[in-house]
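Below, each chain spelled out in residue letters.
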Amino acid sequence: GAARFNTRYPSPALPTDCGQGAAEVDGIRYYSWTGITRLPTNLLDPSATALVATGQLFDGPNDGLVGQCSAHFGRVIRDDYRMDHLDEVNQVAGLVAPIEISPVSLFRQQANRLKNAGL
C-alpha cells in the first residue's frame, strides 16, 4: 500500500531513487536517518535477533523492517547507523549496540539541528 499512497500523494521530499529528496517543501524541512543491521545489535535484546531474521527478507541493506533506501525522505542525515528498527527509537530497555551512537544522542542532535535552523 505504501507505493500506491506515494503515487497518489507525491512529495518532492520523497526521492525517486536511493538519493535524497527535497530538503524543504512549502516551508517545511524534511530530514531522515536510519540504521542497518546484519547481526544482532545487542545479544541481551531478544528483538535484535528477530529483526536480523526479518531483514533476510530484503534484497538490500535494511534495519530489519525498512529497507535502507525506503527510509530516505528529504535530507538524509545518515543511513548506516548500526541500529535495527527498534534501536532507532530506543525500544527494549535501551539495549542498543554498545559501539554506536545512542538513539538519545541522535534525537538530541536532531533537536539541535532544528534549533540552529531557527525552528
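For every chain, the first residue of the written sequence is number 1, and numbering continues from 1 onward in sequence order. Under the rules for a predicted model, residues below a pLDDT of 70 receive no local features and side-chain atom pairs below 80 are neither given nor counted, while totals for whole chains, interfaces and linings still include all residues. Side-chain metrics in this entry use all non-hydrogen atoms of the structure; hydrogen atoms and water are not considered.

1. Side note on the side chain of D79
- Along the chain, the position of D79 falls in strand β4 (residues 75-81).
- Despite being buried, D79 has no salt bridge partner; R78 is the closest side chain of opposite charge, sitting 6.6 Å away.
- When neighbours within four sequence positions are excluded, D79 is seen to be in contact with T34, I36, Q68 and H72. Put simply, DSSP marks the helices as runs of H or I at least four residues long and the strands as runs of E at least two long, and each gets a number from the N terminus on. Exposure categories follow from relative accessible area, calculated using a 1.4 Å probe and restricted to protein chains: below 20% of the type maximum is buried, above 50% is exposed, and the middle band is partly exposed. Lys and Arg are tallied as positive, Asp and Glu as negative. Neither His nor the chain termini are counted. What makes a salt bridge here is a side-chain nitrogen of Lys or Arg within 4 Å of a carboxyl oxygen of Asp or Glu, nothing more. Note on contacts: a residue pair is in contact if any heavy atoms of the two residues lie within 4.5 Å.

2. So, the packing of aromatic side chains
- For this analysis, a ring pair means two rings from Phe, Tyr or Trp (six-membered ring only for Trp) whose centres lie within 6.5 Å, classed as stacked if their planes differ by under 30 degrees, edge-to-face if by over 60, and tilted for the remaining angles. Within the structure shown, the criterion is met by four aromatic pairs.
- With centroids separated by 5.0 Å and ring planes inclined at 90 degrees, the aromatic side chains of Y30 and F73 adopt a geometry described as edge-to-face. On the criterion of sequence distance, the pair formed by Y30 in the loop between β2 (28-29) and β3 (31-35) and F73 in the loop between α2 (46-55) and β4 is long-range, its members being 43 residues apart.
- Between W33 and F107, the ring centres sit 5.7 Å apart and the planes meet at 75 degrees, which makes this aromatic pair edge-to-face. In this pair, W33 sits in strand β3 while F107 sits in helix α3 (residues 103-116), placing the two residues 74 residues apart along the sequence.
- A residue is classified by how much of its surface remains accessible, and F107, at 45% relative accessible area, is partly exposed.
- Members of the aromatic cluster, joined through ring pairs, are W33, Y81 and F107.

3. Details of the state of the cysteines
- When two cysteine sulfur atoms are found within 2.5 Å, that pair is recorded as a disulfide. Under the criterion given, the structure shown has one disulfide.
- Residue C18 pairs covalently with C69 via a disulfide, S to S 1.8 Å. With the S-S bond torsion at -85 degrees, the cross-link from C18 to C69 turns out left-handed. With C18 in the loop between α1 (2-8) and β1 (24-25) and C69 in the loop between α2 and β4, this residue pair connects regions lying 51 residues apart in the sequence.
- Look at C69 and you get partly exposed, because its relative accessible area is 35%.

4. What about the side chain of H72?
- You can see H72 is positioned in the loop between α2 and β4.
- Under this definition, polar contacts are N or O atom pairs within 3.5 Å; protein pairs additionally need one hydrogen-donor-capable and one acceptor-capable atom, and for neighbouring residues in sequence, both atoms have to be side-chain atoms. Here G19 takes part through its backbone oxygen, which lies 2.8 Å from a polar atom of the side chain of H72.
- Ignoring sequence-local partners within four residues, the contact set of H72 consists of L14, P15, C18, G19, S32 and D79.

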